[in-house]
Each structure stands twice: as structure tokens, then as C-alpha cells.
Amino acid sequence: MTTRRKDKNHKWALAFVIVNMVLFTLFFAWPGVLGVYYSFTDYTGISANFIGLENYVNLFQDKSFYKAMGRTFLYTVLSVPLLYVFSLLISVLLVNKYTKGKGIAKIIFFFPWLISPLVAGVIFRWMFGESFGFINYALGLIGIDPISWSSDGNMALMVVLFATIWGGTAFNMLIMMSALMNIPKSYYEAADIDGANGWQKFLNITLPSLKPTTFMVILLSVIHSMKEFAMVQSLTNGGPGTDNTFLVQYIYQTGFDQRNIGYASAVSMVLFVILLLFALINMKVEERSKI
Amino acid sequence: MTAKSRTTSILLTTIVAILAVVYLFPILWLLLSSFKPGSELFSYPLKFFPDEITFGNYEYAWATMEFTKYVMNTLMVTVATTVLTVLASASCGYALAKYNYKWLSVFFLCILTTTMLPTEVIMNPTFTVIQTLGLYDSLWGLIIPSINTATGIFMFRQFFQTVPDDLLEAARIDGANEGRIFFGLMLPIAKPIIITLSIFSFQWRWNDYVWPLLVISDPNKYTVQVALRSIVGADNIDWVLLLSASVISILPMVLIFTVFQRYIMDTGASSGLKD
């Protein structure tokens, strides 16, 4: 009797997951395997010849690939900590009992979440226009020369960073605020009795309690920055020149514009391995920090 | 209130106020600029508020671009995907939380890996798959692949894990089959997660750029984001058009936010996100 019911449940379980299973196979596993295959061929959209590791060999001698990868890394290394600090600062302020006007502030900080990356790019491009933007105009009013926000590669990266932090805070804030509210009040009360000040409480109670959330936020942010595409498309289109062409845009340009699909797929695989390695390291460090 | 806590309050409120102004400014500047006539947009000295408020840019955008069409396309894709993704994620998350089979754990691991290999990374092979399945240049090509979302599955799995097994056993003893238990009992109590995921899915689909870029080529099937891209991608950007079109593209999200604000901002509802 029990075995029969169990078998029946088996079928139900399958029925419940079958849609996701089919979709996973069609739109994840299949393109994933196809990508691995393409990366060993000279596929350009018509016919594919097996060329072994040639794409990978060429890739690791390609200056433009290193440039795109280096720029993506630089962007990630800068944007992830900055985004974390701003999200944490805002979340801590918004759950603090001494802060006034939390209701309206929450809505303002959350608003950018509604806006698509493409439009976020448009907004920052408009604000940071070299000859017509508000920022250079405002700087001019206080006697600062206009900054080359779009013709200097590093300045353009800075604008991309501003836009990333502006657009990314809201989501992190939602996660962090709920984690902050779950920290037992008694911890802080005990610290008060011991005479700890606000900063000490933050370092010794808030930060350690947030650890699991921190690991998740960092992992999600890293994946997000490594695949940044839409916002940069409208903000700088990878420019000036190719100065801020990140990996996904590089894949798009080689794969679709130049129809060099085999080569682009090899780049995809490298990016996948990087993301996977980072996720594994993140997991390992998290495990270790628990002990 | 003691003098010390008053100082703290003033200090913290000031920091929040400064940050709020910084975060509000970009959107405010977009909005104000969109009401300035084209001649005023680039004339120095720039003024914060428009000299004369005009709706001309919006009329121009509406006349130049077929917004009704783009909005309808996007709306259809967004609503269809959202309904389907809620149903699929709920049943999948439920199965992962309530049945103990080895193959289910393996499948859960598979779902985890999808977060490591986003579609952006494998655009070329995905394009081949879309073509092979006959989904190229069809709105279904935007809907079907987007039904499967790891975040949605996590949210429901997390939620159903907190539902006591006794509830299920009681229903089983009463003779309800697994399907009735799920649709009659489990789905209704998951309402907060259904609403949260619906809002998330609406935002993801409305603002999605990568899938429409891959799948759609016929301008009659453009979504709002791809239509915007055609303005930004031009050699000489028509800012008058771009600014008002951008504002139009945000409006539906603002409407959704106004209606469902408490479900998004009530941080308890999003707790399913932390895994």
C-alpha cells in the first residue's frame, strides 16, 4: 500500500516540475552544450568545422579579449564593494529608530528599481553629457572645468559605476533591510547594558549577523556586473572606442555583428568558468566562516 | 528625547536626506527635461525648472513612434509570462520542498547552475535554439523561455518548506490527491509569494532587453525596450524624442508600484529571496 502511494506521488512530483524541466533542457542545457560545441568549431552561421582548441588558443593571444576581460574585472572589482557599502549604509539608516522620514526615503531609494537598465543608461548619459549635461554645467557654476565624461575612458567608467550604484541599491536594500530587522533586539539591548557605542554595535553585532546575506548579495552582484550589457549599451555603447566594452558586449559583437560564432562561444565558456569558479570560492569561504 | 538622541536623530536624518536627494535627482532631471521645449534643452545657462512647460515632446514621441503597438506587445508578453511563471514556479517549488526524491535534488542543483550561466553569456547558441524551435520573430519566443526562473522557484521552495507536513498528511488521510492538495490548499496559502513574484516578473519582463534583442526583428513586434534602443543606437540621438519616450516607458511600472507598493516594500514578503 505504502509503496503504491509513493509511486503515485512520484508521478505527481514529476507533473509538478515537468514544465520547468522541459524549459531547463530547451533553453539552458541545449544552448549550453551547443555553446561548448561551437567553441571548438569555426561556425559562422552556415557550416561548422571542428577545429579543436584553435579558438581558445587565439583567444588567449587576443589583445581585444584581454582588454574586454580586464575592463569587466575592473568594473566588477569597483562596483561590487561600492554597491555593497551604499546599500548597507542606506539599509542601516532606514531601519534605525532615530531616522526621520523613513517612509518617503524608502520610496525614493527604491524607485530606480522600476527603471530598466537601458533607461538608466539614458538618464545618466543625459546628466553627464559633456557639453549639454547638468553635471558639467553645475561644476562650471562652482568654477570647475568640464570633465570629459564620455571621451575619457576612465571617466566614462566612472559614470557607468554611478549608474550601477544608483540602479542596484534598491534590490540589495530590500534583502538587507529584512535581514537587519531579523537581528534579535536583545543583542543590542545587551550591548547597551555593556555601554557599547553605535559603531561598536555595528561592528560586533550588525555586521556578523549579516554575514549570510552579505555572501548572497556579493555573489549576486558579481554575477550581475560580469554580465552587464543593457545599461552600458545605452550609456556609452562600450566607448569611447572600445575602452569600456565588457565581456557580454564583446561576445555580442563578435558573435552577431562579425558572425564569428565559434570564437564568441569560446569567450562565453571562459566567462562561464569564471562565474562558476567565483561561486565555488564564495561557497567555500562561506562554509569556512561558519566554523 | 534626550539631547544625545536628538543629535543622533538630526545627524542620521540629514545623511538620509542628502542621499535621498542624490538618488532622486537623476529621475527628476529626466522628468523636468522631458517637459522642456527642444530649444530650451541645450541652451545655456541650463535651468532646473522649464521656462515653459510643454507636452509637445510627448505628442512628438507618440506621433513618431508607434507606442500603442510597442506597449501592447510588451504588455502581452509581460502578462502571459507572469501568469505562467507563477504557476510553474509554484508547482516546481512545491515539489522541491515537499517530495524527497534523489532526482529532485539533482534537478534543484541544475536550477542553481542557471544562475551561473545567464542567457546573456550564451546568446549565440540560444539564438540557434530559438530558430530551430520556430520561435524566431514571434512574441512566444519571448514568453516561453522566460517562464523558467531560478528566483521564482527558490521563493516558493523556501515558502513551502515553512508549511508543516502535518497539513499535507491530514489532507492525504482525507483522501485528497496530490493535485487537489496543491491547487486547493497550498496555492491559496502562498498568496504573498504569488504577489511578490508577480511584481518581480512584471518588472523583469517589462524591462527585459536581451530576449527581445535576440528574438524580435520585425518592428511591428518590438517591445518598448527594443524600440528605445533604436533611438539610443542612432548616430545622432534625438534627445527630444528619447527623453519623453523614456518617461513613457517607465509609467506602467510606476502604476504597478503605486498599486502594490506595500507588497514590495513590506520587507517580510521578500524574505523568500534570501536562501
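Calculation criteria
Residues numbered from 1 in each chain as written. Chains lettered and ligands numbered in written order. Predicted model: local features only at pLDDT ≥ 70, side-chain atom pairs only at ≥ 80, totals over all residues. Helix = DSSP H or I, 4+ residues; strand = E, 2+ residues; numbered from the N terminus. Rg over C-alpha atoms; globule rule 2.2 N^0.38 Å. Buried ≥ 20, exposed ≤ 12 C-beta atoms within 10 Å, placed from the backbone. Contact = placed C-beta atoms within 7 Å. Core = buried A, V, L, I, M, F, W, Y, C linked by C-beta atoms within 7 Å. Domains from an automatic or database assignment. Axes fitted to C-alpha atoms, helices over the stretch in contact; angles between N-to-C directions. Parallel < 35°, antiparallel > 145°, perpendicular 65-115°, else oblique. Left-handed = near helix turned anticlockwise from the far one by under 90°. Nonpolar A, V, L, I, M, F, W, Y, C, P; charged D, E, K, R; others polar. pLDDT = per-residue confidence, 0-100.

1. Section: the overall build of chain B
The helix and strand tally for chain B stands at 14 helices and zero strands. Starting at the N terminus and walking to the C terminus, you meet the elements of chain B as α-α-α-α-α-α-α-α-α-α-α-α-α-α. Against the globule reference of 19 Å for 275 residues, chain B gives a C-alpha radius of gyration of 24 Å, more extended than a compact globule. The principal-axis extents of the C-alpha atoms in chain B amount to approximately 75 × 70 × 30 Å. Counting all 275 residues of chain B, 42% fall into the buried class.

2. Some details on the overall build of chain A
A tally of helices and strands in chain A yields 13 helices and zero strands. For chain A, the sequential pattern of α-helices and β-strands runs α-α-α-α-α-α-α-α-α-α-α-α-α. Computed over its C-alpha atoms, the radius of gyration of chain A comes to 24 Å, more than 25% above the 19 Å expected for a compact globule of 291 residues. Taking the principal axes of the C-alpha coordinates as reference, chain A spans close to 80 × 70 × 35 Å. Among the 291 residues that make up chain A, the fraction classed as buried is 41%. Here the analysis covers contacts within chain A between residues at least 6 apart in sequence; of these, 69% occur between residues at least 24 apart.

3. Some details on the nonpolar core
In terms of nonpolar packing, the biggest core is built from 141 residues, with Ile123, Phe124, Val159, Ala163 and Leu247 of chain A together with Tyr94 and Phe156 of chain B touching the most fellow members. For this core, the element with the most residues is helix α7 (residues 153–181) of chain A, which contributes 15 residues. Per-domain counts for this core show at least three residues from each of domain 1 (1–54) and domain 2 (61–273) of chain B. Not counting the four nearest positions on each side in its chain, Tyr94 of chain B is found in contact with Phe16 of chain A together with Phe156, Phe160, Phe182 and Met186 of chain B.

4. Side note on the interface of chain A and chain B
Residue-level contacts link 75 residues of chain A with 73 residues of chain B. Among the elements that line the side of chain A that touches chain B, the one with the most residues is helix α1 (residues 2–38) of chain A, at 20 residues.

5. Some points on the packing of helix α4 (residues 67–98) of chain B against helix α8 (residues 150–161) of chain B
For any two helices packed against each other, one specifies the crossing angle of their axes together with the interaxial distance. Residue and element names in this part refer to chain B. Running from N to C, α4 and α8 cross one another at 45°; their axes reach a closest spacing of 7 Å. Here α8 runs oblique to α4, going by the angle between their axes. The chirality of how α4 crosses α8 is right-handed. Note on element contacts: α8 touches α4 through Gly152, Ile153, Met155, Phe156, Arg157, Phe160 and Gln161, opposite Thr85, Ser89, Ala90, Cys92, Gly93, Tyr94, Leu96, Ala97 and Lys98. Taken together, the residues that form the contact of α4 with α8 break down as nine nonpolar, five polar and two charged.

6. Side note on the confidence of the model for chain B
All names here are of chain B. Here chain B averages 90 in pLDDT, and 96% of its residues register 70 or above. Within chain B, no element has a lower average pLDDT than helix α2 (residues 38–41), which sits at 82, and none a higher one than helix α7 (residues 140–143), at 96. Overall fold confidence for the complex sits at a pTM of 0.91, while the interface term, ipTM, reaches 0.91.

7. As for unusual backbone geometry
Residues and elements named next belong to chain A. Positive phi is not limited to glycine here, since Arg259 has a value of about 55°. Relative to the helices and strands, Arg259 is located in the loop between α12 (247–257) and α13 (261–290). By C-beta crowding, Arg259 is classed as partly exposed, having 15 other C-beta atoms within 10 Å.

8. A short note on α12 of chain A
Note that an α-helix has 3.6 residues per turn; residues three or four places apart therefore point the same way. For α12 of chain A, the tally of buried residues reaches eight of eleven residues, placing the bulk of the element in the interior. Burial in α12 of chain A covers these residues: Leu247, Val248, Gln249, Tyr250, Ile251, Tyr252, Thr254 and Gly255 of chain A. Here the buried face of α12 of chain A lies against α3 (63–95), α10 (211–226), α11 (230–235) and α13 of chain A together with α6 (123–132) of chain B. Immediately downstream of α12 of chain A, the backbone of Arg259 of chain A shows phi near 55°, a positive value.

9. Topic: the environment of Met186 of chain B
All names here are of chain B. Relative to the assigned elements, Met186 resides in helix α10 (residues 178–189). Since 24 C-beta atoms lie within 10 Å of it, Met186 is described here as buried. When the C-alpha positions of Met186 and Ala90 are compared, they lie 9.2 Å apart, and in sequence the two are 96 residues distant. In this structure Met186 touches Tyr94, Phe160, Val163 and Ile181, once residues within four positions along its chain are discounted.

10. A word on the packing of helix α5 (residues 117–127) of chain A against helix α13 (residues 224–232) of chain B
At a minimum axis distance of 10 Å, the contact between α5 of chain A and α13 of chain B shows a crossing angle of 30°. As summarised for this structure, α5 of chain A and α13 of chain B are arranged roughly parallel, according to the angle between their axes. Seen along the crossing, α5 of chain A lies across α13 of chain B with a hand that is left-handed. Here α5 of chain A contributes Leu118, Val119 and Val122 of chain A to the contact with α13 of chain B, which in turn contributes Gln225, Leu228, Arg229 and Val232 of chain B. Counted by class, the contact of α5 of chain A with α13 of chain B contains five nonpolar, one polar and one charged residues.

11. Comments concerning the domain arrangement of chain B
Residues and elements named next belong to chain B. Examined at the domain level, chain B breaks down into domain 1 (1–54) and domain 2 (61–273). Relative placement of domain 1 and domain 2: their C-alpha centres are 33 Å apart. Breaking the side of domain 1 that touches domain 2 down by element, the ones donating at least two residues are α1 (3–34) and α2. Tallied by class, residues from the side of domain 1 that touches domain 2 come to three nonpolar, three polar and no charged.

12. Let's talk about the confidence of the model for chain A
On average, chain A scores 92 in pLDDT, and the residues at 70 or more come to 97%. For chain A, per-element mean pLDDT is lowest for α1 of chain A, which scores 87, and highest for α3 of chain A, which scores 96.

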